[in-house]
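Below are the chains, spelled out letter by letter.
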Amino acid sequence: MEEKQFDAKSIIGYVLLLAIALWYFYANRPTEEELAAQKEAKAKAEIQKLKEATSNRLITVENSVAVSATDSLGKIKAYQELGAFGFSKTLNAANGGETVLENEVLYLKINNKGGYITEARLKEYKAYNGEELLLIKNGANASLGIDFNTKDNRVLSTKNLFFEPSLSKVGNNQQLSMKLKVSATQFLEYVYTIKPGDYMLDFAIRSQGLENIIDSSKEINLNWELEALRHSKSNSYENRYTELIFEYENGRDDYLGQGDFKEDTAEDVTYVAYKQHFFSSVLLTNTAFKTGKFTSSNLIKDEEIDTLKLKKFTANLPLVANGGNLNYQMNWYYGPTDYETLNSYDKNLDEIVALGWGIFGWINKWLFVPLFGFLSGFLPYGIAIIVMTVLVKIGLSPVTYKSYISQARMKVLKPEIAEINEKYADNAMKKQQETMKLYSKAGVSPMAGCIPALLQMPILYAMFSFFPSAFVLRQKSFLWADDLSSYDVVANLPFNIPFYGDHISLFPILASIAIFFYMQMTTGQNMPTQSQPGMPNMKFIMYLSPLFMLFFFNNYPSGLSLYYFVSNLITIGIMLVIKNFIIDEDRIHAQIQENKKKPKKQSKFKQRLQEAMEQAEKNKKK
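Parameters at a glance
- Residues numbered from 1 in each chain as written.
- Predicted model: local features only at pLDDT ≥ 70, side-chain atom pairs only at ≥ 80, totals over all residues.
- Heavy atoms only, no water.
- 1 Å grid on protein atoms, 1.4 Å probe; cavity = no way out; pocket = protein on both sides within 12 Å on 5 of 7 lines; lining within 4 Å.
- Points joined across faces, edges and corners; volume = space filled by probe spheres on them.
- Helix = DSSP H or I, 4+ residues; strand = E, 2+ residues; numbered from the N terminus.
- Nonpolar A, V, L, I, M, F, W, Y, C, P; charged D, E, K, R; others polar.
- Core = buried A, V, L, I, M, F, W, Y, C linked by side-chain atoms within 4.5 Å.
- Buried < 20%, exposed > 50% of the residue type's maximum accessible area, 1.4 Å probe, protein only.
- Contact = heavy atoms within 4.5 Å.
- Patch = residues over 30% accessible without salt bridge, like charges linked within 9 Å, V, L, I, M, F, W, Y side chains within 5 Å.
- Areas by Shrake-Rupley, 256 points an atom, 1.4 Å probe, with all protein chains shown as cover.
- Salt bridge = Lys/Arg side-chain N within 4 Å of Asp/Glu carboxyl O.
- Pairing = 2+ DSSP bridges.
- Axes fitted to C-alpha atoms, helices over the stretch in contact; angles between N-to-C directions.
- Phe/Tyr/Trp six-rings, centres within 6.5 Å; stacked < 30°, edge-to-face > 60°.
- Lys NZ or Arg CZ within 6 Å of the ring centre and 35° of its normal.
- Expected span 1.5 Å × (residues − 1).
- Bend = angle between axes of the 7 residues up to and from the residue.

**Student:** Go over the layout of surface pockets, please, and point to the residues and values.
**Tutor:** Space inside the second largest pocket adds up to approximately 680 Å³. If you trace the second largest pocket, you find 27 residues lining it, with Glu 243, Ala 354, Leu 355, Gly 356 and Trp 357 closest to the centre. Broken down by secondary-structure element, the contributors of at least two residues to the lining of the second largest pocket are β13 (243–248), β14 (252–255), α6 (358–375) and α9 (450–469). Tallying contributions element by element places α9 first for the lining of the second largest pocket, with 5 residues. Looking at the lining of the second largest pocket, its residues break down into 13 nonpolar, 6 polar and 8 charged.

**Student:** Explain the nonpolar core to me, using residue names and the numbers behind them.
**Tutor:** Grouped together as the largest cluster of nonpolar side chains are 119 residues, with contacts concentrated most on Phe 85, Leu 108, Tyr 192, Ile 205, Leu 222, Phe 294 and Tyr 334. Beyond its immediate stretch of four places on either side in the chain, Phe 85 contacts Phe 148, Thr 150, Leu 156, Leu 180, Val 182, Leu 210, Ile 213 and Ile 214.

**Student:** Just give me the short version of empty space enclosed by the protein, but keep the residues and values in it.
**Tutor:** Summed over all chains, the structure comprises 2 cavities of 30 Å³ or more. Lining the largest cavity we find Tyr 116, Ile 117, Ile 136, Ala 142, Ser 143, Leu 144, Tyr 192, Trp 224, Trp 332 and Tyr 334. If you list the elements that add at least two residues to the lining of the largest cavity, you get β6 (142–149) and β18 (327–336). The volume enclosed by the second largest cavity comes to roughly 40 Å³. Tyr 241, Lys 275, His 277, Thr 337, Val 353, Ala 354 and Ser 469 are the residues that line the second largest cavity.

**Student:** Residues and numbers for a nonpolar patch on the surface, please.
**Tutor:** Taken together, Tyr 401, Val 577, Phe 581 and Ile 582 make up a surface patch of nonpolar side chains, about 410 Å² in accessible area. If one sorts the elements of the nonpolar patch by residue count, helix α12 (residues 558–582) sits on top with 3 residues. If you trace the backbone, Tyr 401 turns up in helix α7 (residues 381–423). The class for Tyr 401 is partly exposed, based on a relative accessible area of 33%.

**Student:** Pulling in residues and values, what's your account of the pattern of salt bridges?
**Tutor:** For the coordinates displayed, the defined rule picks out 15 salt bridges. Where Lys 275 meets Glu 243, a salt bridge forms, and the shortest distance between an N and an O atom there is 4.0 Å. A residue pair is termed long-range when its members are at least 10 positions apart, and Lys 275 in strand β15 (residues 261–275) and Glu 243 in strand β13 qualify at 32 residues. For Lys 275, a relative accessible area of 2% translates into the label buried.

**Student:** So what's going on with the environment of Gly 259? Residues and values would help.
**Tutor:** Looking at where Gly 259 falls in the secondary structure, it is placed in the loop between β14 and β15. Take Gly 259: its relative accessible area is 28%, and that puts it in the partly exposed class.

**Student:** I'd like a rundown of the sheet that holds strand β4 (residues 117–126), residues and numbers included.
**Tutor:** Hydrogen bonds along the backbone pair up the strands of a sheet, which may run parallel or antiparallel. Read from one edge to the other, the open sheet built from 4 strands follows the order β2-β3-β4-β5, with strand pairing classed as antiparallel. Of all strands in the sheet, those bounded by a partner on one side alone are β2 (98–102) and β5 (132–136). Ignoring strand direction, the axes of neighbouring strands in this sheet form an average angle of 20°. The pairing of β4 with β5 spans 4 bridges and is antiparallel. Considered in β5, the bridge of Arg 121 is made with Leu 134.

**Student:** Go over the pairing of β5, please, and point to the residues and values.
**Tutor:** Taken across its 5 residues, β5 has 4 buried, putting it largely inside the fold. Between the antiparallel neighbours β4 and β5 lie 5 residues, among them Gly 130 with a positive phi of about 85°.

**Student:** How would you explain the packing of aromatic side chains if you had to name every residue and give the values?
**Tutor:** Between two aromatic rings, the relevant description is the distance of the centres plus the angle of the planes. Overall, the coordinates contain 40 aromatic pairs when judged by the stated rule. Consider the rings of Phe 289 and Tyr 328, whose centres lie 6.1 Å apart with planes at 20°: the pair is stacked. Of the two residues, Phe 289 sits in strand β16 (residues 279–298) while Tyr 328 sits in strand β18, which places them 39 residues apart along the sequence. The residues Phe 289 and Tyr 328 share a single accessibility class, namely buried. Seen in terms of ring centroids, Phe 552 and Phe 553 are 5.5 Å apart; in terms of plane orientation they differ by 70°. Their pairing is edge-to-face. The class of Phe 552 is partly exposed, set by a relative accessible area of 34%. A cation over an aromatic ring shows up here: Arg 121 above the ring of Tyr 107, its NZ or CZ 4.6 Å from the ring centre.

**Student:** Any chance you could break down α6 for me, citing the residues and the numbers?
**Tutor:** Look at α6: 25 Å from first C-alpha to last across 18 residues, which is about the 26 Å you get at 1.5 Å a residue. The sharpest bend along α6 reaches about 40° and sits at Asn 364. Taken residue by residue, α6 has Phe 360, Gly 361, Ile 363, Asn 364, Lys 365, Phe 368, Val 369, Phe 372 and Leu 375 as its buried positions.

**Student:** Let's hear about the pairing of β16: which residues, and what values?
**Tutor:** Successive side chains on a regular strand alternate, one facing one side of the sheet and the next facing the other. Among the 20 residues in β16, 14 count as buried, and that is most of the element. With 13 bridges joining them, β15 and β16 adopt antiparallel strand pairing. Looking at the pairing, Val 272 lines up with Leu 283 of β16. Counted along the chain from β15 to the antiparallel partner β16, the turn is 3 residues long. Relative to β18, β16 is paired through 7 bridges, and the arrangement is antiparallel. Among the inter-strand pairings, Thr 285 is bridged to a residue of β18, identified as Met 330. Of the pairings in the sheet, the one linking β16 to strand β17 (residues 309–318) comprises 6 bridges and is antiparallel in character.

**Student:** Account for unusual backbone geometry, naming residues and giving values.
**Tutor:** Phi angles above zero are rare outside glycine, and Asn 153 is one such case at about 65°. Of the residues examined, Asn 153 reaches a relative accessible area of 31% and is grouped as partly exposed. One non-glycine residue, Asn 250, adopts positive backbone phi at about 60°. Along the chain, the position of Asn 250 falls in the loop between β13 and β14. Assessed through its relative accessible area of 82%, Asn 250 is described here as exposed.

Below is the structure:
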């Protein structure tokens, strides 16, 4: 009986002891915070081991995937992949997201991944098809990244890493700080500042506490890429005015030009502009980039198929770290390629607008841009073009008068020149000699008609550059033309004609007709009936020129064709007035005959030329 009773007590005692032990362990169990701290300490120990194990390996990171802040294994992988920059993948910013900056004219989105602008929309403008005008769309056609080496032998690019955003208000400006963090106090930072009603943003790149992480003894490169999106009715014509322009060496500027692939380098670069016909994206810096490498690739191989993008631009710009850290003050411009707007910034950005080189550009900058700006301030744009054309033709009327006087004199001498040609048909030298004698006696110079035409050339070429670059004409209508900056359409063709297009424009037709009648009145009246051997057929050229213009201008801005049409109409009118009311051909003929009677002293040059021709004639006879 006693043995059985002892066993029962023992069992009860063991049960009580076990219950007490369980209660003790339960009462003294670690809190959740203590468990998390132990887990974090263990993870850090493992991360440190991985850092030490991989410190001598070269790792190039192309894509970075976000991890949870509480995922220890994810943290381990992040640090293994990115070294110290693995910290950025553990922040909330690594879960994605975008921050919006906007004012009255600009709408921008900046993505946490890469910290760069992934959408740039101009609020005041629309594309040719009525859609929103986007210079950057969904981050698919642009990127910005700093490529650098770390001291643990990694090669990283910021465009694949995660920045933490912080949006604030500074006065009337919005300021966005995007930080790529190594710790709470160590980071690489982009700072965007947008001002009210301005296309120009302040942009800064700086770093803090990274002197022992980024290897500044190796290259640190800022890479900016953009594929230009189509915004105009004709993708081929817009592409003709889409190019990369850069400023270097204290204000000099250059461009890559057209072609399937272009590249160039420059030193002391102060801005890079990805210029499209009417809109541009520009990166400017206060501290010049030591060098710059640029490329431009044509994305239009087939005009019928490649209708969304024009060219791809790239810029490689080295950054210099002072004391191991970066500090650059820069600007972004996303806005119209408008001379007045760009010139207002006083940063030499007006050179982006293609107003012509040399004297042609000066004529546009100092004459036509202010004049047209004044006229279009109170007149409809089509009427402003006509009024400006009238003013230009009035200014050139003295030159037109001189030219027509010369043509009238040549017309009076035409029968005598024909007689000389017939008399000396078999002796070209004698024919030329006698013709020169006639010109000398009559006081007529065959070059007199060319000089006035040459004086008009700078004006004509300046106008040819002005109208395609006149941003103010964009989407402005006149008569049947719905956009004076693009071609007008009176009929669409069911097929495409090479060099002409798939449409019919009326303004080029009218301009070609006016040019034909103008040439008929000038060249036609003095044109020889038969061409000399070896000389081009002038009558053929007279008919070819308007035809060439008809094809050439069918895809050019209707504003330019309107100018040429009105200009030639006015010229024809001026010449009719001069012919019928100012010039008396009989009086000119009498004056020429009187000049023949007067002894005319030749210059020494003409005397020598005359003697040389006479001696050559004698030698030929011998």
